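What follows is each chain in one-letter form.
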Amino acid sequence: MTEAHQITFNELSSDPMFQTLIDGYADESAMEGLPPVDCQYHTYEAMCAAGIIFVLGAYHDDILCGFAVVITSVVPHYGVCVAATESFFVAPDKRDTGAGLMLLRKAERVAQTRGAVGFLVSAPTGGRLEDVMIKSSTYKERNRVFFKGLV
């Protein structure tokens, strides 16, 4: 059985599967020009405590198989709250369980309860999530993000 629900960052980061998942996430979302993933636990915890980010976990047969971190903020030039994925990952061998879609739907509900009028999903170029989002009938590509390393 697969399910997704809101959890604390501490629950996510202390789960025995977390390191495996964060390693997979780091491999798929690495960006040339940025250092390797170096999870800033205290920053995540502070942002959770401030009500800025929300953590979701996906579980297959009660084992953590994915996670999403949702950030909400008022966008100053629109004057409304918008939510976005700060991170989103499901283990490759669990992607056929529906865990990703469950995480996405749960993230949308969390965003709505926070007053968000829209939801942005960031996906690595050429990755599985990009393919899923392009095929979505409810999500539309609206922007492309370009990165330049400055160091």
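Along each chain, residues carry numbers from 1 onward, in the same order as the chain's sequence is written. Totals for whole chains, interfaces and linings use all residues, but because this is a predicted model, local features are given only for residues with pLDDT of at least 70 and pairs of side-chain atoms are given and counted only at 80 or more. Working from all heavy atoms in the structure, the side-chain values ignore hydrogens and water.

Tell me about the overall build of the protein chain, residues and numbers included.
Helix and strand content of the protein chain: five helices and five strands. Reading the helices (α) and strands (β) of the protein chain from amino to carboxyl end gives β-α-α-α-β-β-β-α-β-α. The quantity called the radius of gyration is restricted to C-alpha atoms. Its globule counterpart is 2.2 Å times the number of residues to the power 0.38. Taking 15 Å as the expected radius of gyration for a compact globule of 151 residues, we find that the protein chain reaches 15 Å, a close match to that expectation. Projected onto its principal axes, the C-alpha positions of the protein chain cover 45 × 40 × 35 Å. Helix and strand definitions here come from DSSP, where helices need a minimum of 4 consecutive H or I residues and strands a minimum of 2 consecutive E residues; each element is numbered from the N-terminal end.

Residue-level account of the sheet that holds strand 5 (residues 118-120), with values.
The strands making up a sheet are joined through hydrogen bonds of the backbone, oriented either antiparallel or parallel. The pairing criterion for strands is at least two bridges between them, as found by DSSP. Here we have five strands laid out as an open sheet, ordered 1-2-3-4-5, and mixed in their pairing. Looking at the sheet topology across the chains shown, the edges are occupied by strand 1 (2-7) and strand 5. Across the sheet, the mean angle from the axis of one strand to that of its neighbour is 25°, orientation sign disregarded. Here strand 3 (residues 63-75) runs beside strand 4 (residues 80-90); their pairing, made up of ten bridges, is antiparallel. Across the sheet, Ser73 pairs through a bridge with Val82, a residue of strand 4. Strands in contact with helix 3 (residues 41-49) are strand 2 (53-60), strand 3 and strand 4; relative to strand 2, the strand with the most contacts, it is inclined by about 110°. Axis angles are defined between N-to-C directions and span 0 to 180 degrees, where every axis is a line fitted to C-alpha atoms and, for a helix, only to the segment in contact. Whether two residues are in contact is decided by their heavy atoms, any of which lying within 4.5 Å being enough.

Describe the packing of aromatic side chains, and please don't skip the residues or the numbers.
The relative placement of two aromatic rings is captured by the distance of their centres and the angle of their planes. Aromatic contacts are taken between Phe, Tyr and Trp rings whose centres are within 6.5 Å, Trp giving its six-membered ring; a plane angle under 30 degrees counts as stacked, one over 60 as edge-to-face, and the others as tilted. In the structure shown here, the tally under the stated rule is seven aromatic pairs. Between Phe18 and Tyr41 the ring centres are 6.3 Å apart and the planes differ by 65°, which places this aromatic pair in the edge-to-face class. Taken together, the residues Phe18 in helix 2 (residues 18-29) and Tyr41 in helix 3 connect sequence positions 23 residues apart. Burial here depends on accessible area, computed with a 1.4 Å probe over protein chains only, as a share of the maximum for the residue type. Under 20% is buried, over 50% is exposed, and the range in between is partly exposed. We classify Tyr41 as partly exposed; its relative accessible area is 35%. An aromatic cluster of at least three residues, connected via ring pairs, comprises Phe9, Phe18, Tyr25, Tyr41, Tyr44, Phe67 and Phe89.

Give me the lowdown on the pattern of salt bridges, citing residues and values where you can.
Salt bridges are identified by distance alone: a Lys or Arg side-chain nitrogen within 4 Å of an Asp or Glu carboxyl oxygen. What the rule picks out here adds up to six salt bridges. Among the salt bridges present, the one from Asp93 reaches Lys94, with a minimum N-O distance of 3.4 Å. Taking the relative accessible area as the measure of exposure, Asp93 reaches 55% and is therefore exposed. For Lys94, a relative accessible area of 23% gives the class partly exposed. In this structure, a network of salt bridges that share partners links the residues Arg128, Asp131 and Lys135.

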